[in-house]
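Here is how the chains run, residue by residue.
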Amino acid sequence: MAEAFGLYTHQRNNRIRSNVLIAGLFLLVYVMTWGLLLIAFGYGGVPYGRSAFGEASRIFRSWFPLITAGTMLWVFIGFRVNVALIGAVTGAKGIAREDNPKLYRMLENLCISRGLTMPKLAIVENDALNAFASGVNDKQFTVTVTSGLLAQLNDAEVEAVLAHELTHIRNGDVKLMVVAVVIAGVISFIGELVFRGFGRSRIRFSSNDSKKGNAIAVVVGIAVIAISWLLAVLIRLSLSRSREYLADAGAVELTKNPDAMISALLKIAGRADIDGVPSGVMDMCFENDPDDFADLFSTHPSVTKRVQALVETAGGRMPAMPPHPPKIAERPDLPSMVEASVHHDMGAARGPWQRPPAG
């Protein structure tokens, strides 16, 4: 019962987070628009006797309905075309049963075993070993895998990865990530444009009170946009890493094969980065290669921790000879790191889908 309770709590929390993130998008857009108006009036000047702050606030109030409508339109577009947008930036191509019968049958059997709607399938022609799910409803849900993943993993390992992505769909993680990408994407895009523009200009203060006030408005506007940009990034970082542990656990529940998930993780580690794909999309992937200091700011737990959780809570076993393809030479320490962490008592290392034993 503890496992079911954890799963349903996670699903409910995802629905709540999705609504909060959408509300956060509106708030950040409002704040960023006000910051842009401050910059515009600070640079462009205002009629004599008026301040840039006053003019920016007046225009903001009059534009408020348009800003709200524009943001609603952006959310609507993001929800309707997110799969196409993600496909465009990754180069994913949809496939039918006849294109890859074995892969299609694997996913179909997993869906039948749990009475789930069959998502669409797509492949990215890339040597990286990765996969991700996209979409916000049953008509859109798509599981995408790389050609490198299919080439390097055996059938049991591919099935484990498919089950992991299917669990993300089942748990509501995919919709949450799409919302986060929509939010972070629009704010980050505007923020980057602004700061690129100001990287080529200088702000000077004047002894003239009017010009000095305008310069201060520009500085405040830049600060507001910078804060909005930072908050947009923090939205992504606020997504709980527990979703990956739960997806790993859900995959084991579907396949009854924790060893295949462990083997897949070890093969994928260090080879997951898809060149040219935005970081927001990489956050949606099976693995996002966190390591060292960057692990503090990653949306994924490390492979070491995921393997450890599978060994300690799902009955998984480390392979006698851990799969270690030639291209993973840049991470020669990984197998020893995993083995060390498995035998090291960390107290709280138990997977988030289980409660600690009583007493």
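Check the entry above for the structure.
Residues numbered from 1 in each chain as written. Predicted model: local features only at pLDDT ≥ 70, side-chain atom pairs only at ≥ 80, totals over all residues. Heavy atoms only, no water.

Colleague: Outline the packing of helix H3 (residues 101-114) against helix H5 (residues 155-171), supporting the account with residue identities and numerical values.
Modeller: For the pair H3 and H5, the least separation of the axes is 10 Å and the interaxial angle reads 50 degrees. Classed by the angle they form, the pair H3 and H5 counts as oblique. Between H3 and H5 the crossing geometry is right-handed. Residue-level contacts link Lys102, Leu103, Met106, Leu107, Leu110, Cys111 and Arg114 of H3 to Asp155, Val158, Glu159, Leu162, Ala163, Leu166 and Arg170 of H5. Of the residues belonging to the contact of H3 with H5, the class tally is nine nonpolar, no polar and five charged. (Axes fitted to C-alpha atoms, helices over the stretch in contact; angles between N-to-C directions. Helix = DSSP H or I, 4+ residues; strand = E, 2+ residues; numbered from the N terminus. Parallel < 35°, antiparallel > 145°, perpendicular 65-115°, else oblique. Left-handed = near helix turned anticlockwise from the far one by under 90°. Contact = heavy atoms within 4.5 Å. Nonpolar A, V, L, I, M, F, W, Y, C, P; charged D, E, K, R; others polar.)

Colleague: An account of helix H8 (residues 242-255) is needed here, citing residue identities and associated values.
Modeller: Over its 14 residues, H8 runs 20 Å from end to end, which matches the ideal 20 Å to within 8%, given 1.5 Å per residue. For H8, the tally of buried residues reaches 13 of 14 residues, placing the bulk of the element in the interior. (Expected span 1.5 Å × (residues − 1). Buried < 20%, exposed > 50% of the residue type's maximum accessible area, 1.4 Å probe, protein only.)

Colleague: How would you sum up the sheet that holds strand E4 (residues 142-146)? Please name residues and give values.
Modeller: One open sheet holds the four strands; their spatial order is E1-E2-E4-E3, and the pairing between them is mixed. Of all strands in the sheet, those bounded by a partner on one side alone are strand E1 (93-95) and strand E3 (131-134). Adjacent strand axes in the sheet meet at a mean angle of 30 degrees when their direction is disregarded. Bridge analysis of E1 against strand E2 (residues 120-124) gives three bridges, and the strand direction is antiparallel. The residue of E2 that forms the bridge with Gly94 is Ala122. (Pairing = 2+ DSSP bridges.)

Colleague: Can you tell me about the pattern of salt bridges, naming the residues and giving the values?
Modeller: If you walk through the whole model with that rule in mind, you get eleven salt bridges. Linking Glu55 and Arg58 is a salt bridge whose minimum nitrogen-to-oxygen distance equals 3.0 Å. Of this pair, Glu55 and Arg58 both sit in helix H2 (residues 52-90), three residues apart, which is roughly one turn of that helix. The buried category is assigned to Glu55, whose relative accessible area is 8%. Arg58 gets classed as partly exposed once you look at its relative accessible area, which sits at 41%. The salt bridge partner of Glu244 is Arg243, with a shortest N-O separation of 3.7 Å. Residues Glu244 and Arg243 agree in their burial class; the two are buried. One network of salt bridges, in which partners are shared, links Arg243, Glu244, Asp248, Glu287 and Arg306. (Salt bridge = Lys/Arg side-chain N within 4 Å of Asp/Glu carboxyl O.)

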